[in-house]
Amino acid sequence: MLKDITLGQYFPGKSPLHTMDPRMKLLLTIFYIVILFFAKSVYAFAWMLLSTFVLILCSGLSFKLLIKGVKPIFFILLFTGVINLFFTKDTQDPLFSFWIFIVYPKGVYTAIFMIVRILCLVLGSSLLLTYTTTPRALTDAIERLLSPLNLLNIPVYDFAMMMSLALRFIPTLLEDTVKIMNAQKARGADFESGSLIKRAKALLPVLIPLLVTAFRRSNDLAVAMECRCYMGGKGRTRMKQLRLHASDLLAALLFLAFGAALFSCNYIPTGIRL
Amino acid sequence: MISITLEHVSYAYSPNTPLEKEALRDVSVTITGGKITGLIGHTGSGKSTFAQMLNGLLRPTSGKIFLGNQDIWAEPKKISQIRYRVGMVFQYPEHQLFEETVYKDIAYGPINMGKQGKELDFLIRSAAEFVGLSEELLDKSPFELSGGQQRRVAIAGVLAMDPEVLVLDEPAAGLDPRGRDEILGNIRTYQQTKSKTVILISHSMEDMARYSDELIVLKDSTLLLKGSLKEVFQQADIIKDAGLRLPQVTRVMLALKKKGLDVDTSVYTVEDAFKRLTDRRRSSC
């Protein structure tokens, strides 16, 4: 049950996307997301779909895996689609009407475009970032990109350290949860039946030991870090230096080209109004 | 004095996925009722999986498990009944304590079983007594206690359910030698006075030699050996092959024999060896 979470997970690989500099990936993801919202015509949407498809091929991840990752947002997609389908008003003749529902051609287009946009958004950002970047590299990238904030006396390094520690402990705490749940099940705990309140109460014997365990682990970690003379971020150098390569610049250029193409697509005349 | 029988039991984690990992392969064995059976094996040999199957926490991918004559998975909805009959103490059980007082924590299991009133109180107090917890500790918070005492509380929490079979996964791990002997000694006393069936998982061959009657040896997810202490320890080569060692004192005896000294090599505890060697000296004088 707890092992089925794929959203925000990293899948190891050696694709061009995996090897790209995480800082560049972070910036390009933001760029990509912003650009998606500028798509306004059919051609622009088609171009967007095509580019996302190319991105999937570049990542070397299987389609099956991606579909599994998109599953959790299925209802959001459905909801957006339905709302847009029925509640888009237009001056044109309606396509058909049923009871209080009136469907205009524009509604159909908007619904389809919204779904495609959200799909591209989720796929693009997870492909570029979480699926192909280790949490460590990601925090490194965030730290480096935010480092100008150091000038304002904001301890960026400490925040990045906290973030990577939190990420590091997710699988450990999941494992602890499973262990504690098993132990309480062996003592007759029942997590699967009864009313909502009863089930919530049944979780108490899991949550308290889990909290205690989390505190114990963080205390151990703090001691271990101090034993190794951890003094915070000041003056620390890194073992793995992030360096921009020619391929990263090439990727940036490709993305710029993608953006420019998408903008120009908006100006190709079509019969469909949006 | 109920026995547990496994018939061709296999278990795989995440079956039918690329991550499939076989943890037990075609294990058929009977755990004798009213005895302490030691379960040994190298890390990753399937010991914990084996243990978690005995009380229905894991369901075998294939094969059957019988508690007495009853197939424990005959009615999957009533698996909690099996969990009351087969008590399970996990590794580092003190990490699962949660109540305000020791008394309440020990009560958690029996209350889940529906016990109440005088019977509940009796179960809690006798369980606490078996593990050597004194009366005044019962009203303390379990988080105030030392690690060794927390361990006792957690074990008492399972004993209080008065299970017919008790499974303990490394109950003495991380304790000092005295705490080790006390806890294992308590378990031995409990088993003998109540003539329960006990399954003990441990890495320590010395503990096994001292506290168990029969042994099950697992290797690479399969059953390697099963028999009385003597039967198993005589197969020194097979044990070595499984990545395990005979008890230290037995190895000393074997080495002595190799050097030409005529000694009995079927001794497994230091006390036993001492007795045999002194007897031998007396008789030869």
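In this text the structure is predicted, and so the values were computed from the model without any measurement. Starting afresh in each chain, residues are numbered from 1 along the sequence in its written order. Ligands are numbered from 1 and chains lettered from A, in the order in which they are written. Side-chain atom pairs in this predicted model are given and counted only at pLDDT of 80 or more, local residue features only at pLDDT of at least 70, and totals for whole chains, interfaces and linings cover all residues.

*Asks:* Which residues make up the overall build of chain A, and what are the values?
*Replies:* A helix here means a DSSP run of H or I that spans at least four residues, while a strand means a run of E at least two residues long, and both kinds are numbered starting from the N terminus. Regarding its fold elements, chain A presents 11 helices and 2 strands. Listing each helix as α and each strand as β along chain A from the N terminus yields α-α-α-α-α-β-β-α-α-α-α-α-α. Using C-alpha atoms as the atom set, the radius of gyration is obtained and then compared with a globule rule of 2.2 Å times the number of residues to the power 0.38. The C-alpha atoms of chain A give a radius of gyration of 24 Å, which is well past the 19 Å a tight globule of 274 residues would have. Structurally, chain A occupies a C-alpha span of about 70 × 60 × 40 Å along its principal axes. Each residue is classified by how many other C-beta atoms fall within 10 Å of its C-beta atom, where C-beta atoms are placed from the backbone; a count of 20 or more means buried, 12 or fewer means exposed, and values in between mean partly exposed. For chain A, the residues scored as buried account for 20% of the 274 residues in total. Taking contacts inside chain A between residues at least 6 apart in sequence as the whole, the part at least 24 apart equals 77%. Each residue gets a C-beta atom placed from its backbone, and two residues are in contact if those atoms lie within 7 Å.

*Asks:* So what's going on with the overall build of chain B? Residues and values would help.
*Replies:* Across its full length, chain B holds 11 helices and 10 strands. Here the C-alpha atoms of chain B give a radius of gyration of 20 Å, agreeing with the 19 Å that 2.2 N^0.38 yields for 285 residues. Projected onto its principal axes, the C-alpha positions of chain B cover 65 × 50 × 35 Å.

*Asks:* Account for the environment of B:Asp181, with residues named and values stated.
*Replies:* All names here are of chain B. Take Asp 181: it is sitting in helix α6 (residues 177–194). Overall, Asp 181 belongs to the partly exposed group, with 15 C-beta atoms counted inside 10 Å. Sequence separation between Asp 181 and Asp 207 is 26 residues; the distance between their C-alpha atoms is 8.6 Å.

*Asks:* Could you give an account of helix α2 (residues 22–36) of chain A, with specific residues and numbers?
*Replies:* Every α-helix winds through 3.6 residues per turn, so residues three or four apart in the chain are directed the same way. Residues and elements named next belong to chain A. Taking 1.5 Å of rise per residue, the 15 residues of α2 would be expected to cover 21 Å, and the 21 Å separating its terminal C-alpha atoms lies within 8% of that figure. Taken as a whole, α2 has its buried residues at Pro 22, Met 24, Lys 25, Leu 28, Tyr 32, Ile 35 and Leu 36. Along the long axis of α2, the arc covered by the buried residues comes to 140°, so they all point the same way. One less than the number of residues in a helix, times 1.5 Å, gives the span that helix is expected to have. For this quantity, the arc is that covered by the directions from the helix axis to the C-beta atoms.

*Asks:* Any chance you could break down the packing of α2(A) against helix α11 (residues 246–265) of chain A for me, citing the residues and the numbers?
*Replies:* Residues and elements named next belong to chain A. Here α2 crosses α11 at 5°, and the two axes come no closer than 11 Å. Relative to α11, the element α2 is oriented roughly parallel. Within the contact between the two elements, α2 uses Met 24, Leu 28, Phe 31, Tyr 32 and Ile 35 and α11 uses Asp 248, Ala 251, Ala 252, Phe 255, Gly 259 and Leu 262. Note on residue categories: nonpolar means Ala, Val, Leu, Ile, Met, Phe, Trp, Tyr, Cys or Pro, charged means Asp, Glu, Lys or Arg, and polar means any other residue, Gly included. Within the contact of α2 with α11, the residues separate by chemical class into 9 nonpolar, 1 polar and 1 charged. Axis lines are fitted through C-alpha atoms, for helices just across the contact stretch, and the angle between N-to-C directions can take any value from 0 to 180 degrees. Here is the rule for angles: anything less than 35 degrees is roughly parallel, anything more than 145 is roughly antiparallel, 65 through 115 is roughly perpendicular, and the remaining ranges are oblique.

*Asks:* Which residues make up the interface of chain A and chain B, and what values do they have?
*Replies:* On the chain B side, the residues contacting the 15 residues of chain A number 19 residues. Counting only elements with at least two residues in the side of chain A that touches chain B, the list comes to α8 (156–186) and α10 (204–227) of chain A. Looking at the side of chain A that touches chain B element by element, the count peaks at 7 residues for α8(A). Of the residues that constitute the side of chain A that touches chain B, the class distribution is 7 nonpolar, 4 polar and 4 charged.

*Asks:* Please give an account of the sheet that holds strand β8 (residues 197–201) of chain B that cites residues and values.
*Replies:* Pairing between the strands of a sheet is mediated by backbone hydrogen bonds and can be parallel or antiparallel. All names here are of chain B. Criterion used throughout: strands pair if DSSP finds at least two bridges between them. Spatial strand order, β6-β7-β8-β3-β9-β10: 6 strands in an open sheet with mixed pairing. Since the sheet does not close on itself, it has two edges, and those belong to β6 (86–89) and β10 (222–228), each with one partner. Going from strand to strand, the sheet's axes swing by 15° on average, the running direction of each strand aside.

*Asks:* Give a description of the domain arrangement of chain B that names residues and reports values.
*Replies:* The parts lose accessible area when they come together, and the size of an interface is often stated as this lost area. All names here are of chain B. Here the bounds of each domain stem from an automatic or database domain assignment. Examined at the domain level, chain B breaks down into domain 1 (4–244) and domain 2 (247–285). Contacts between the two partners involve 8 residues from domain 1 and, on the opposite side, 7 residues from domain 2. Looking at the side of domain 1 that touches domain 2, the elements with two or more residues in it are α7 (205–211) and α8 (229–233). Broken down by element, the residue count for the side of domain 1 that touches domain 2 peaks at 4 residues, all from α7. Each residue belonging to the side of domain 1 that touches domain 2 can be placed in one class, and the counts come to 5 nonpolar, no polar and 3 charged.

*Asks:* Go over the nonpolar core with me, naming the residues and quoting the values.
*Replies:* Residue and element names in this part refer to chain B. By our criterion, buried Ala, Val, Leu, Ile, Met, Phe, Trp, Tyr and Cys residues that link up through C-beta atoms within 7 Å make up a nonpolar core. In terms of nonpolar packing, the biggest core is built from 82 residues, with Ile 106, Ala 127, Ala 156 and Val 167 touching the most fellow members. In terms of residue count, the dominant contributor to this core is helix α5 (residues 147–159) (6 residues). Sequence-distant contacts of Ile 106, that is, excluding residues within four places in its chain, are made with Ile 124, Ala 127, Ala 128, Val 153, Ala 156, Gly 157 and Ala 160.

*Asks:* Break down the confidence of the model for chain B for me, with residues and values.
*Replies:* Known as pLDDT, the predictor's per-residue confidence is scaled from 0 to 100. When pLDDT is averaged along chain B, the result is 89; 98% of the residues meet or exceed 70. Interface confidence for the predicted complex, given as ipTM, is 0.85, next to a pTM of 0.74.

*Asks:* Got a sec to walk through unusual backbone geometry? Specific residues and values, please.
*Replies:* Residue and element names in this part refer to chain B. The phi dihedral of Asp 220 is positive, around 45°, even though this residue is not glycine. Mapped onto the elements, Asp 220 comes out in the loop between β9 (214–219) and β10. On the basis of neighbour counts, which here come to 14 C-beta atoms within 10 Å, the residue Asp 220 falls in the partly exposed class.

*Asks:* An account of the domain arrangement of chain A is needed here, citing residue identities and associated values.
*Replies:* Residue and element names in this part refer to chain A. What the domain assignment reports for chain A is domain 1 (2–145 + 242–265) and domain 2 (155–227). Computed over C-alpha atoms, the centres of domain 1 and domain 2 are 33 Å apart. A per-class count over the side of domain 1 that touches domain 2 returns 3 nonpolar, 1 polar and 2 charged.

*Asks:* Which residues make up the pairing of strand β7 (residues 165–169) of chain B, and what values do they have?
*Replies:* One face of the sheet, then the other: side chains in a regular strand alternate in exactly this way. All names here are of chain B. Counting buried residues in β7 gives 5 out of 5 residues, a clear majority hidden from the surface. Burial along β7 is two-sided: the face carrying Val 165, Val 167 and Asp 169 and the face carrying Leu 166 and Leu 168 are both buried. Across 5 bridges, the pairing between β7 and β8 is parallel. Following the sheet pairing, Leu 168 is matched in β8 by Leu 200. Note on handedness: a crossover is taken as right-handed if, strands pointing away from the viewer, the path from the first strand over the helix to the second is clockwise. Of the crossover connections in this fold, the one passing from β7 over α6 to the parallel β8 is right-handed.

*Asks:* A description of the packing of helix α3 (residues 102–112) of chain B against α5(B) should follow, citing residues and the corresponding values.
*Replies:* Residues and elements named next belong to chain B. Contact geometry for α3 and α5: axes closest at 7 Å, N-to-C directions at 35°. The element α3 and its partner α5 pack so that their crossing is right-handed. Touching Val 102, Asp 105, Ile 106, Tyr 108 and Gly 109 of α3 are Val 153, Ala 156, Gly 157 and Val 158, all from α5. The handedness criterion is simple: a crossing whose near helix is rotated anticlockwise from the far helix by less than a right angle is left-handed, and one whose near helix is rotated clockwise is right-handed.

*Asks:* Go over the environment of A:Ile112 with me, naming the residues and quoting the values.
*Replies:* By the secondary structure assignment, A:Ile112 is in helix α6 (residues 105–130). For the pair formed by A:Ile112 and A:Gly81, sequence separation is 31 residues and the distance between their alpha carbons is 6.8 Å.

*Asks:* Tell me about the sheet that holds strand β2 (residues 21–31) of chain B, and please be specific about residues and values.
*Replies:* All names here are of chain B. Read from one edge to the other, the open sheet built from 4 strands follows the order β2-β1-β4-β5, with strand pairing classed as antiparallel. Each edge of the open sheet carries a strand with a single partner, namely β2 and β5 (70–71). With 2 bridges connecting them, strand β4 (residues 62–67) and β5 associate as antiparallel partners. In the strand pairing of β5, Phe 66 is matched with Asp 71. Across the face of the sheet, helix α1 (residues 47–54) comes into contact with β1 (4–13), β2 and β4 while running at roughly 120° to β1.

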